[in-house]
Every structure is written in structure tokens, then in C-alpha cells.
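Commentary on secondary and tertiary structure
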Amino acid sequence: MRTSPASDVLDAGLHLGRCFVTWTKLDDLWCERRELAAINFADRWHYLAMIQFCSRADLRDGVMRGVDARRCSDHPDPNRALAELGKVGLIVADVASDTYSPVSYTHLTLPTI
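Remember, predicted model here, so these are calculated numbers, not experimental data.

Basis of the calculations
Residues numbered from 1 in each chain as written. Predicted model: local features only at pLDDT ≥ 70, side-chain atom pairs only at ≥ 80, totals over all residues. Heavy atoms only, no water. Core = buried A, V, L, I, M, F, W, Y, C linked by side-chain atoms within 4.5 Å. Buried < 20%, exposed > 50% of the residue type's maximum accessible area, 1.4 Å probe, protein only. Helix = DSSP H or I, 4+ residues; strand = E, 2+ residues; numbered from the N terminus. Polar contact = N/O pair within 3.5 Å; in protein donor to acceptor, adjacent residues only side chain to side chain. Contact = heavy atoms within 4.5 Å. Axes fitted to C-alpha atoms, helices over the stretch in contact; angles between N-to-C directions. Parallel < 35°, antiparallel > 145°, perpendicular 65-115°, else oblique. Nonpolar A, V, L, I, M, F, W, Y, C, P; charged D, E, K, R; others polar. Pairing = 2+ DSSP bridges.

Things to note about the nonpolar core
In terms of nonpolar packing, the biggest core is built from 19 residues, with Tyr 47, Met 50, Met 64, Leu 85 and Ile 91 touching the most fellow members. Elements represented by at least two residues in this core include exactly helix H3 (41-56) and helix H5 (78-87). Here this core gets six residues from one element, more than from any other, and that element is H3.

Now the structure itself:
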């Protein structure tokens, strides 16, 4: 299984007093997507946190480990959030490998930026 170095990098940077900045790109109509209107605020926040985690961890394919998908936000019930996000088609879950992927991961900036 592929692992994400994001938490190690973040921990190392914070320990050294560094602050990281990542860029997540959302188009002007992103907040008006029907799929987002169909879910509650906490689930929308969790989805955005998943997208931002992919950006921070440089996961350009958008595939996250299950542990990262569950703890990327402060959602009180991340398993339920992932189920809801999958139900409305915002993420794809691979139960066999315990990975999750936002359906559209075009939110990541180009490597040159």
C-alpha cells in the first residue's frame, strides 16, 4: 500500500518552526455544485479537507489512504462522512485497499507553481 509522507513532513516542519503553504484551486461555481447542496456542512467541510490534504501531500492522483481520509478534518463521524460523500458521487472508495479519492482532483495546482 502506498503511504503518504504528508504527516511526517508537516510534523518535521512544525517541529523546526516552519510554516507550510499549499494552494488549492476552486472554480467560481464550486460552492454551487448540486452534490455539495445534497450534503450537510460538516460533510462539505470534510470533502474540502480531503482536497486540501491531497494538495498538501502532493497526491496528484488524488488517492488517499483511509487513515488520512478519516482524520483530515475534525468531523465527528468521518466514516459516515465518507459514506455520504461516496453516496453523492464526490469520492470513490476502494474498500479492498482502504483508499479514497475525490472524484475531481483538478483542484491541485500545476507542479510549476
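More follows now that the structure is in view.
Here's the deal with the side chain of His 75
Relative to the assigned elements, His 75 resides in the loop between helix H4 (66-71) and H5. Polar side-chain contacts of His 75 include one of 2.7 Å to the side chain of Asp 43. If we skip the residues at most four places from it in the chain, His 75 touches Ala 42, Asp 43, His 46, Arg 80 and Ala 81.

Topic: the packing of H3 against H5
Orientation of H3 relative to H5, taken along the N-to-C sense of each, is 85°, at an axis distance of 10 Å. By the criterion of interaxial angle, the relationship of H3 to H5 is roughly perpendicular. Of the residues in H5, those in contact with Asp 43, His 46, Tyr 47 and Met 50 of H3 are Pro 78, Arg 80, Ala 81, Leu 82, Glu 84 and Leu 85. Taken together, the residues that form the contact of H3 with H5 break down as six nonpolar, one polar and three charged.

A look at unusual backbone geometry
Phi is positive for Asp 58, which is not a glycine, with a value near 60°. Phi angles above zero are rare outside glycine, and Asp 98 is one such case at about 50°. Looking at the element boundaries, Asp 98 is found in the loop between strand E2 (91-94) and strand E3 (99-102). Residue Asp 98 is classed as partly exposed on the basis of its relative accessible area of 26%.

As for the pairing of E2
Both E2 and E3 contribute to a ladder of four bridges, which runs antiparallel. Within the sheet, the bridge partner assigned to Ile 91 lies in E3 and is Pro 102. The loop that links E2 with its antiparallel partner E3 comprises four residues; one of these, Asp 98, has a positive phi angle of about 50°.

Quick look at the pairing of E3
In E3, alternate side chains face the same way, and those of Thr 99 and Ser 101 on one face and Tyr 100 and Pro 102 on the other are all buried. Sheet topology places strand E1 (residues 64-65) next to E3; two bridges connect them, and they run antiparallel. Its bridge partner being in E3, Met 64 is matched across the sheet by Tyr 100.

Description of the environment of Arg 65
Its place among the elements puts Arg 65 in strand E1. Classification of Arg 65 as buried rests on a relative accessible area of 18%. Along the chain, Arg 65 and Asp 98 lie 33 residues apart, while their C-alpha atoms are 6.3 Å from each other. In terms of polar contacts, Arg 65 uses its side chain to reach the side chain of Asp 68, at 2.9 Å.

Worth remembering: the numbers are spatial, not functional.
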